Amino acid sequence: MHKYFTSPSFLLKGIVGYLAYVSIAPPWLAAWLHKKRGVQIGNYKTVYIAPNVLIDTSFPEHVTISDGVYITRGAKVICHTAFTPLTQEIVGVEYTIGDVFIEEGAYIGVNAVVLPSVRVGRCAIVGASAVVTKDVPAYAIVGGIPARVIGD
Ligand SMILES: CC(C)(COP(=O)(O)OP(=O)(O)OC[C@H]1O[C@@H](n2cnc3c(N)ncnc32)[C@H](O)[C@@H]1OP(=O)(O)O)[C@@H](O)C(=O)NCCC(=O)NCCS
């Protein structure tokens, strides 16, 4: 296990992340807690992150959420893949990280999953249960697995 995952700061970030996961009100509280654990958030008072939203538990500092973003219940924003010891022997690394950006005014629907190295463009809408594997253009509406443009 990489030492990053056993450090006290990792544990502390995990506890704050758990508080964010269950926080209901005021509406900015979850965004503030995520910001405290390292997620790159500007004006947290403009960002709404619902309860039961998971934002990368291991490398929150690699997720950027711009002003005016809404992330609704059950959505997951993931920026890393951690490999098992046996898989590490094949791929040659313990984990990979891909920065995620959710740009101003974007909306992430219920239970959507945003995967590493994805940029969700300005005012884009990610539909319920979408799995976003590629960049979402600004003002686009995407849905499905993998997510495709279904409107704008
Ligand atoms: C993505 C979304 C915004 C699209 O709404 P819309 O523009 O009114 O789209 P429509 O309902 O007219 O559907 C347009 C097409 O997209 C498809 N579609 C709609 N939502 C979809 C989704 N989440 N995933 C995949 N396809 C979807 C429809 O089946 C339809 O396909 P068709 O043209 O082949 O018939 C909406 O369906 C959605 O998922 N909203 C998120 C709701 C949510 O998470 N709320 C959280 C509240 S806290």
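Here the structure is shown first, and the text comes after it.
Scoring rules and cut-offs
Residues numbered from 1 in each chain as written. Predicted model: local features only at pLDDT ≥ 70, side-chain atom pairs only at ≥ 80, totals over all residues. Helix = DSSP H or I, 4+ residues; strand = E, 2+ residues; numbered from the N terminus. Expected span 1.5 Å × (residues − 1). Buried ≥ 20, exposed ≤ 12 C-beta atoms within 10 Å, placed from the backbone. Arc of directions from axis to C-beta. Contact = placed C-beta atoms within 7 Å. Pairing = 2+ DSSP bridges. Near = placed C-beta within 6 Å. Nonpolar A, V, L, I, M, F, W, Y, C, P; charged D, E, K, R; others polar. Core = buried A, V, L, I, M, F, W, Y, C linked by C-beta atoms within 7 Å.

Undergrad: Explain helix 1 (residues 8-22) residue by residue, including any values.
TA: At 3.6 residues per turn, the α-helix brings residues three or four places apart onto the same side. For helix 1, which comprises 15 residues, the first-to-last C-alpha distance of 22 Å matches the rise-based estimate of 21 Å (1.5 Å per residue) to within 8%. All buried positions along helix 1 are accounted for by Lys13, Gly17 and Ala20. Buried residues of helix 1, seen end-on, are gathered within an arc of 55° and therefore sit on one face of the element. Across from the buried face of helix 1, at angles greater than 90 degrees, the exposed residues are Pro8, Leu11, Leu12, Ile15 and Val22. Buried positions along helix 1 lie against helix 2 (29-36).

Undergrad: How would you sum up the sheet that holds strand 6 (residues 76-77)? Please name residues and give values.
TA: Spatially, the four strands line up as an open sheet ordered 3-6-11-14, and their pairing is parallel. Of all the strands in the sheet, just strand 3 (54-55) and strand 14 (131-132) have a single pairing partner and so form its edges. Note: strand 6 against strand 11 (residues 113-114), two bridges, orientation parallel. Residue pairing across strands places Val77 opposite Val114, the latter belonging to strand 11.

Undergrad: Please provide a residue-by-residue account of the site of the ligand, values included.
TA: Near the ligand, the surroundings consist of 14 residues, among which Gly109, Val110, Gly127, Ala128 and Gly143 are the closest. Elements that contribute at least two residues to the shell around the ligand include exactly strand 15 (141-143) and strand 16 (148-151). Counted by class, the shell around the ligand contains six nonpolar, seven polar and one charged residues.

Undergrad: Could you give me a rundown of the sheet that holds strand 2 (residues 48-49), with the residues and numbers involved?
TA: One open sheet holds the six strands; their spatial order is 2-5-10-13-15-16, and the pairing between them is mixed. The open sheet has two edge strands with one neighbour each: strand 2 and strand 16. With two bridges joining them, strand 13 (residues 125-126) and strand 15 adopt parallel strand pairing. If you follow Val126 over to strand 15, its bridge partner there is Val142.

Undergrad: I'd love a proper account of the nonpolar core, names of residues and values included.
TA: Ranked by internal contacts, the top residues of the largest apolar core, which has 38 residues, are Ile108, Ala112, Val114, Val120, Val126 and Val132. A total of three residues in this core trace back to one element, the largest contributor, which is helix 2. Those residues in contact with Val120 that sit more than four places away from it in its chain are Ile102, Glu103, Ala106, Val114, Val126, Val132 and Val136.

Bear in mind that shape data such as this cannot, by itself, settle questions of function.
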